[in-house]
Amino acid sequence: LSAYQKEPLWGSGMVDFAGGGVVHFTGGLTALIATYILGPRTGRFYDRRGRKLDKPKPFPGHSVALQVLGAFILWFGWYGFNAGSITTVTKDGNGKIASLAAVNTTLAAASGCVSALFTNLIIKERKTGEATFNLIRAYN
């Protein structure tokens, strides 16, 4: 899985830069198991005795300012982790790899933002017939 192997991942060409595949697989599996163990939110879909409600109770919104702050903190952390995972830029070619990781981080965040905006635009336009952009969705 290392970028320094002659044949990454048994000749498939897959490079797990900074261990992202292992980290996301472990986190996703843990979340799936925890969700199964915890079950649905008590009081929203079911009453306290476990009977299903006719209509789910509404889920109140959160602070948009804290949502934006969290997105920027996470994004800033990605730069340190993704570009910093090369550990040194003094070896030949490592500076290019670190800069490529930083560019890919920027492009990934921008693509996610634009995808969220257009997905929200299409959904809202189909429901209301009016096309509007909602920048709050870009941070979600």
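Fair warning: this is a prediction, and the values are worked out from it, not measured in the lab. (Residues numbered from 1 in each chain as written. Predicted model: local features only at pLDDT ≥ 70, side-chain atom pairs only at ≥ 80, totals over all residues. Heavy atoms only, no water.)

Draft legend 1. A look at the overall build of the chain. Secondary structure assignment for the chain yields five helices and zero strands. Going from the N terminus to the C terminus, the chain shows its helices and strands as α-α-α-α-α. Split into buried and exposed, the 140 residues of the chain put 11% on the buried side. In the form shown here, the chain has an accessible surface area of approximately 11,300 Å², with 65% of it arising from carbon and sulfur atoms. (Helix = DSSP H or I, 4+ residues; strand = E, 2+ residues; numbered from the N terminus. Buried < 20%, exposed > 50% of the residue type's maximum accessible area, 1.4 Å probe, protein only. Areas by Shrake-Rupley, 256 points an atom, 1.4 Å probe, with all protein chains shown as cover.)

Draft legend 2. Examining the pattern of salt bridges more closely. By the definition in use, this model includes two salt bridges. Among the salt bridges present, the one from Asp47 reaches Arg51, with a minimum N-O distance of 3.0 Å. Taking the shortest distance from any N to any O, the salt bridge between Arg126 and Glu125 comes out at 3.0 Å. Taking the relative accessible area as the measure of exposure, Glu125 reaches 28% and is therefore partly exposed. (Salt bridge = Lys/Arg side-chain N within 4 Å of Asp/Glu carboxyl O.)

Draft legend 3. Looking closely at helix α2 (residues 20–38). Along its 19 residues, α2 runs 26 Å from first to last C-alpha, staying within 8% of the 27 Å computed at 1.5 Å per residue. Positioned one or two residues after α2, Gly39 has a phi angle of 80 degrees, which is positive. (Expected span 1.5 Å × (residues − 1).)

Draft legend 4. Structural view of the packing of aromatic side chains. Taken as a whole and judged by the stated rule, the model has two aromatic pairs. When the centroid spacing of 6.1 Å and the interplanar angle of 35 degrees are considered together, the rings of Trp75 and Tyr79 count as tilted. Taken as a pair, Trp75 and Tyr79 lie in helix α3 (residues 64–84) at a separation of four residues, close to a single helical turn. (Phe/Tyr/Trp six-rings, centres within 6.5 Å; stacked < 30°, edge-to-face > 60°.)

Draft legend 5. Here's a closer look at the side chain of Asn94. Within the secondary structure layout, Asn94 lies in helix α4 (residues 94–128). In terms of polar contacts, Asn94 uses its side chain to reach the backbone carbonyl oxygen of Thr88, at 3.1 Å. (Polar contact = N/O pair within 3.5 Å; in protein donor to acceptor, adjacent residues only side chain to side chain.)

Draft legend 6. Highlighting α4. With 35 residues, α4 ought to run about 51 Å at 1.5 Å a step, and its terminal C-alpha atoms sit 51 Å apart, in line with that. Among the residues of α4, Asn94, Ala98, Ala101, Thr105, Leu117, Asn120 and Leu121 are the ones counted as buried. Positive backbone phi, approximately 85 degrees, marks Gly129, located one or two places after α4.

Draft legend 7. Looking closely at the packing of α3 against α4. As a packed pair, α3 and α4 sit with axes 8 Å apart at the nearest point and diverge in direction by 150 degrees. Taken together, the axes of α3 and α4 lie roughly antiparallel to each other. Handedness of the crossing formed by α3 with α4: right-handed. On α4, the residues touching Trp75, Trp78, Tyr79, Asn82 and Ala83 of α3 are Ala98, Ala101, Ala102, Thr105, Thr106 and Ala109. Broken down by class, the residue content of the contact of α3 with α4 amounts to eight nonpolar, three polar and no charged. (Axes fitted to C-alpha atoms, helices over the stretch in contact; angles between N-to-C directions. Parallel < 35°, antiparallel > 145°, perpendicular 65-115°, else oblique. Left-handed = near helix turned anticlockwise from the far one by under 90°. Contact = heavy atoms within 4.5 Å. Nonpolar A, V, L, I, M, F, W, Y, C, P; charged D, E, K, R; others polar.)

Draft legend 8. Seen up close, the confidence of the model for the chain. On average, residues of the chain score 82 in pLDDT, and 89% of them are at 70 or above. When mean pLDDT is compared element by element in the chain, α2 scores highest at 92, while helix α5 (residues 135–138) scores lowest at 65. (pLDDT = per-residue confidence, 0-100.)

Draft legend 9. Representation of a nonpolar patch on the surface within the structure. There is a patch of nonpolar side chains on the surface, built from Phe25, Leu29, Leu32, Ile33, Tyr36, Ile37 and Leu38 and spanning about 880 Å² of accessible area. Its location among the elements puts Leu32 in helix α2. (Patch = residues over 30% accessible without salt bridge, like charges linked within 9 Å, V, L, I, M, F, W, Y side chains within 5 Å.)

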